[in-house]
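In case you want the letters, here they are:
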Amino acid sequence: MMVRRADPAQAAVRARARMVERLRAQGVRDEKVLAAMMQVPRHAFVEEGLAYSAYDDTALPIGYQQTISQPLVVARMIELLRAGRELGKTLEVGAGCGYQAAVLSFVATEVYSVERIRPLLDTARENLRPLRLPNVRLKCVDGSLGLPEAAPYDTIIVAAAAASIPASLKEQLAPGGRLIIPLGAGEQRLVLIERQGNVFRETRLDAVRFVPLLAGTE
């Protein structure tokens, strides 16, 4: 009797659908965010040996002491930034393997994604190439300094934890814009910053765990 082999592509789609349903059960309500999470093949952004865990709700190593954030954190951060508005021009600090930039590309007008570790940025570029996302731009810079050449940004999302909010990122946030960043050394929490003129309103949110935001490039 012939045994039909499972189609890996179809298996990945089913795993992604289960991930999205889990995100919905965990409280993510923004259907545009959920649709973006469904569009991006997370298994293509991790090492082949970790692909079986790609759709689990866990962070995974991507080399250089960095991680790809767990799906719930990615979805939650983007949902908080979107609430009642569009993302518009978006700066991502910490491109990592490129996964979050890919998700952002489906909900933002433009995505500028910066990474301080050049070999990791090269990996992100390779990971993103097959998706052919015309609105994503990558650059190797010190993310704590932002990317002033393309500022101001309607939205800034930071994928590394800082002890305090970098002044340069606040300066590059457009009036009416939102910035989300993990703050803290030991205990970390997401902090949402909303700019109203020259006033920055801060809201402390979920407890999280991210790698530290470091200065310089390598």
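For the structure, see preceding data.
It should be emphasised that the depicted structure is a prediction, and the values quoted were computed from it without experimental measurement.

Here is what the cut-offs are and how they apply
- Residues numbered from 1 in each chain as written.
- Predicted model: local features only at pLDDT ≥ 70, side-chain atom pairs only at ≥ 80, totals over all residues.
- Heavy atoms only, no water.
- Pairing = 2+ DSSP bridges.
- Helix = DSSP H or I, 4+ residues; strand = E, 2+ residues; numbered from the N terminus.
- Axes fitted to C-alpha atoms, helices over the stretch in contact; angles between N-to-C directions.
- Contact = heavy atoms within 4.5 Å.
- Buried < 20%, exposed > 50% of the residue type's maximum accessible area, 1.4 Å probe, protein only.
- Core = buried A, V, L, I, M, F, W, Y, C linked by side-chain atoms within 4.5 Å.
- Parallel < 35°, antiparallel > 145°, perpendicular 65-115°, else oblique.
- Left-handed = near helix turned anticlockwise from the far one by under 90°.
- Nonpolar A, V, L, I, M, F, W, Y, C, P; charged D, E, K, R; others polar.
- Salt bridge = Lys/Arg side-chain N within 4 Å of Asp/Glu carboxyl O.
- Expected span 1.5 Å × (residues − 1).
- Arc of directions from axis to C-beta.

Caption draft 1: The arrangement of the sheet that holds strand 8 (residues 188-196) in detail. A sheet is described by the order of its strands in space; here seven strands give the open sequence 5-4-3-6-7-8-9, paired in mixed fashion. For this open sheet the edge positions go to strand 5 (136-140) and strand 9 (199-208), each flanked by a neighbour on one side alone. On average, each strand axis in the sheet is tilted by 15° relative to the strand beside it, whichever way the strands run. Across six bridges, strand 7 (residues 173-183) lies against strand 8 in antiparallel orientation. Across the sheet, residue leucine 179 finds its bridge partner in strand 8, namely isoleucine 193. Lying on the sheet, helix 3 (residues 71-82) is in contact with strand 6 (153-158), strand 7, strand 8 and strand 9; it crosses strand 7 at an angle near 155°.

Caption draft 2: Looking closely at the pairing of strand 8. Burial of strand 8 is extensive: seven of the nine residues sit out of reach of the surface. The turn linking strand 7 back onto strand 8 is made up of four residues, and glycine 184 within it adopts a positive phi angle of 125°. Hairpin remark: strand 8 followed by strand 9, antiparallel, with two residues in the connecting loop; positive phi at glycine 197, about 65°.

Caption draft 3: Just the nonpolar core, in detail. With 55 residues, the main nonpolar core has Met37, Ile78 and Tyr99 as its most contacted residues. Among the elements that line this core, the one with the most residues is helix 3, at seven residues. Counting residues in each nonpolar core, the second largest holds 19 residues, with Val93, Val114, Ala162 and Ile193 among its members.

Caption draft 4: Spatial organisation of the packing of helix 1 (residues 8-25) against helix 2 (residues 31-39). The interhelical angle for the contact between helix 1 and helix 2, taken along N-to-C directions, is 155°, at an axis separation of 9 Å. If you check the angle between helix 1 and helix 2, you find them roughly antiparallel. Relative to helix 2, helix 1 is oriented so that their crossing is right-handed. Taking contact as the criterion, the partners of Val13, Arg16, Ala17, Met19, Val20, Leu23 and Arg24 in helix 1 are, on helix 2, Glu31, Leu34, Met37, Met38 and Gln39. Across the contact of helix 1 with helix 2, the residue classes tally to eight nonpolar, one polar and three charged.

Caption draft 5: Structural detail: the pattern of salt bridges. With the rule as written, the count across this model stands at 13 salt bridges. In this structure, glutamate 86 engages arginine 82 in a salt bridge whose closest nitrogen and oxygen atoms are separated by 3.3 Å. When the shortest N-O distance is used, the salt bridge between lysine 139 and glutamate 149 registers 2.7 Å. Of this pair, lysine 139 sits in strand 5 while glutamate 149 sits in the loop between strand 5 and strand 6, and the two are ten residues apart along the sequence. Sharing partners across several salt bridges, the network here consists of Asp30, Lys32, Arg82 and Glu86.

Caption draft 6: Structural view of helix 1. For helix 1, built from 18 residues, the straight-helix expectation of 26 Å at 1.5 Å per residue is met to within 8% by its first-to-last C-alpha distance of 26 Å. Restricting attention to buried positions, one finds in helix 1 the residues Ala12, Ala15, Arg16, Met19, Val20 and Leu23. Take helix 1 and look down its axis: the buried residues cluster within an arc of 145°, on one side only. Those residues of helix 1 that are exposed and angled more than 90 degrees off the buried face are Arg18 and Ala25. Residues of helix 1 that are buried make contact with helix 2, helix 3 and helix 4 (99-105). Phi turns positive one or two residues past the end of helix 1, at glycine 27, with a value near 110°.

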